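Listed below, chain by chain, are the residues.
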Amino acid sequence: MGQLEGKTALIMGVLNEHSLAWAITEALVAEGCACGFTYMPEERMERRVRKTIEGLNSRLIVPCDVQNDAQLQQVFSRAQETYGSLDIVIHSIAFAPRQTFEEPFHKTSRADFQTALDVSAYSLVAVAREALPVLNEYGSLLTLTYGASQRWIPNYNVMAVAKAALECSVRYLAVELGEAKKIRVNAISAGPVKTMAAAGIKGFGSMVERNVVKSPLHETIEPEDVGAAALFLCSSGAKRITGQVYYVDSGYSVMGW
Ligand SMILES: NC(=O)c1ccc[n+]([C@@H]2O[C@H](COP(=O)([O-])OP(=O)(O)OC[C@H]3O[C@@H](n4cnc5c(N)ncnc54)[C@H](O)[C@@H]3O)[C@@H](O)[C@H]2O)c1
């Protein structure tokens, strides 16, 4: 019997089979977890998501643009109707307009700054609010971040600021959701993996190369590494781990030289 038999998860952020959210889904499903999904409400996106998850016979596939509060409310009421309650919510969502990865950081417009922070950081707060009544005790809310929140990385720019806000939100949400219902809130800080979101980052190839050259393990990571870490953080073995940023980066983050 899988360690997540009888458990339910809502996965937000699968786009295709390269998505980190898909690697997480595969790890959870392999342990018996029933997974529902959200997709960006655009026809092209919906088609991709449905194709990726088609083998799972999921009972819940709902549209959700995280900038839309009404859609967020709808997602969690549909999740409650479908599963009764949730044990796991995966937030694997980020976006910043393409030009923010290409222009110098100090040229970031107010509108682009707001978009990046809204989609990539505030959305976790909004998800936590809607998920709170639906998540079970010792449930898990997990998000994805990147080490550029802590140190300068070329071209990451406003997304680095958004990840810093996201990681700080993890700590504040961990306290409130922990006190309210013993719900745990954590982030995985992943090394660079080639996904659709990564393709928008100028110089992404050199981020991978740098991880290989400089990390203690001299390699980058595979999506499966993120899946395995997510499985652990969402399992009962991690029931007293909350408010943490858990690095899956071949050790790159510890290097000072
Ligand atoms: N790929 C990497 O190297 C890497 C490293 C560290 C962290 N991350 C983080 O992992 C998470 C997932 O990204 P990924 O690399 O798997 O790429 P991805 O492109 O597969 O996933 C990004 C997801 O965000 C969704 N999204 C964007 N705007 C949205 C909105 N307004 N409403 C709802 N959904 C929206 C997209 O539809 C997509 O499903 C992101 O938070 C990303 O920053 C990625």
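Residues numbered from 1 in each chain as written. Predicted model: local features only at pLDDT ≥ 70, side-chain atom pairs only at ≥ 80, totals over all residues. Heavy atoms only, no water.

(A) Region of interest: the overall build of the chain. Summing up its helical and strand segments, the chain has eight helices and seven strands in all. For 257 residues, the compact-globule estimate of 2.2 N^0.38 gives 18 Å, and the chain sits close to it at 17 Å. The C-alpha extent of the chain, read off along each of the three principal axes, is 45 × 40 × 40 Å. The 257 residues of the chain split such that 50% are buried. The contacts in the chain between residues at least 6 apart in sequence include a share of 75% that link residues at least 24 apart. With an accessible surface of roughly 12,300 Å², the chain has 53% of that area assigned to carbon and sulfur atoms. Of the side-chain charges in the chain, 24 are positive and 27 negative, and the distance between the mean point of each set is 3 Å. (Helix = DSSP H or I, 4+ residues; strand = E, 2+ residues; numbered from the N terminus. Rg over C-alpha atoms; globule rule 2.2 N^0.38 Å. Buried < 20%, exposed > 50% of the residue type's maximum accessible area, 1.4 Å probe, protein only. Contact = heavy atoms within 4.5 Å. Areas by Shrake-Rupley, 256 points an atom, 1.4 Å probe, with all protein chains shown as cover. Lys, Arg positive; Asp, Glu negative; His and termini not counted. Charge placed at Lys NZ, Arg CZ, Asp CG, Glu CD.)

(B) Representation of the side chain of Ser253. Relative to the helices and strands, Ser253 resides in the segment after β7 (245-248). Leaving out residues up to four positions away in the same chain, Ser253 has contacts with Arg151 and Tyr247.

(C) Here's a closer look at the pairing of strand β5 (residues 135-145). Counted residue by residue, β5 has eight buried out of 11 residues, so it is predominantly covered. Relative to β5, strand β4 (residues 86-91) is paired through five bridges, and the arrangement is parallel. Paired with Leu86 across the strands is Leu135, a residue of β5. With respect to chirality, the unit in which β4 leads through helix α4 (residues 110-131) into the neighbouring parallel β5 is right-handed. (Pairing = 2+ DSSP bridges. Right-handed = clockwise from strand over helix to strand, strands pointing away.)

(D) Region of interest: unusual backbone geometry. In the Ramachandran plot, Asn57 falls in the positive-phi region, its phi being about 50° despite a non-glycine side chain. One non-glycine residue, Asn157, lies in positive phi territory at about 45°. Tracing the sequence through the fold places Asn157 in helix α5 (residues 157-181).

(E) Just the sheet that holds β4, in detail. Judged by pairing direction, the sheet is parallel, and its seven strands sit side by side in the order β3-β2-β1-β4-β5-β6-β7 without closing on themselves. In this open sheet, the two edge strands, each paired with only one partner strand, are β3 (61-63) and β7. Looking at each pair of strands side by side, their axes are set apart by 20° on average, direction ignored. Taken strand by strand, α4 contacts β1 (8-12), β4 and β5, and its axis lies near 170° from that of β4. (Axes fitted to C-alpha atoms, helices over the stretch in contact; angles between N-to-C directions.)

(F) Representation of helix α7 (residues 204-214) in the model. Buried residues of α7: Phe204, Met207 and Asn211, and no others. All buried residues of α7 project into a common sector of 50° when viewed along the axis, lining one side. Those residues of α7 that are exposed and angled more than 90 degrees off the buried face are Glu209 and Val213. Those residues of α7 hidden inside the fold are in contact with α6 (196-199). (Arc of directions from axis to C-beta.)

(G) Inspection of the site of the ligand at higher detail. Around the ligand, the surrounding shell holds 27 residues, and the nearest of these are Ser19, Leu20, Lys163, Val193 and Thr195. One nitrogen or oxygen atom from the main chain of Gly13 is found 3.0 Å from an oxygen atom belonging to the ligand. Take Leu20: an N or O atom from its main chain is 2.8 Å from an oxygen atom of the ligand. Alone, the ligand offers 820 Å² of accessible surface; in the complex the protein occludes 92% of this. (Near = heavy atom within 4 Å. Polar contact = N/O pair within 3.5 Å; in protein donor to acceptor, adjacent residues only side chain to side chain.)

(H) Local environment of the nonpolar core. Ranked by size, the top nonpolar core spans 48 residues in total, and within it Leu10, Met12, Phe76, Leu86, Val89, Leu141 and Tyr156 carry the most contacts. At the level of elements, β1, α3 (69-83), β4, α4, β5, α5, β6 (184-190) and α7 are the ones that each hand at least two residues to this core. Other than its neighbours up to four places away in sequence, Leu10 contacts Gly36, Phe37, Thr38, Leu60, Val75, Phe76, Leu86, Ile88, Val89 and Ile90. Ile11, Leu20, Leu142 and Ala190 belong to the second-largest nonpolar core, a separate cluster that totals 32 residues. (Core = buried A, V, L, I, M, F, W, Y, C linked by side-chain atoms within 4.5 Å.)

(I) Here's a closer look at the environment of Glu102. For Glu102, the position within the fold is in the loop between β4 and α4. A relative accessible area of 42% places Glu102 in the partly exposed class. For the pair formed by Glu102 and Ala230, sequence separation is 128 residues and the distance between their alpha carbons is 31 Å.

(J) Representation of the packing of aromatic side chains in the model. Per the stated rule, a full pass over the model turns up three aromatic pairs. For the pair Tyr146 and Tyr156, a centre-to-centre distance of 4.9 Å together with 50° between the ring planes defines the contact as tilted. With Tyr146 in the loop between β5 and α5 and Tyr156 in the loop between β5 and α5, this pair connects stretches of sequence that are 10 residues apart. The pair Tyr146 / Tyr156 is uniform in exposure class, with both members buried. Between Phe232 and Tyr246, the aromatic rings sit 6.3 Å apart at their centres with planes inclined by 45°, giving tilted as the arrangement. Placement of Phe232 in helix α8 (residues 223-234) and of Tyr246 in strand β7 is noted, with a sequence separation of 14 residues between them. Residue Phe232 is classed as partly exposed on the basis of its relative accessible area, which comes to 30%. (Phe/Tyr/Trp six-rings, centres within 6.5 Å; stacked < 30°, edge-to-face > 60°.)

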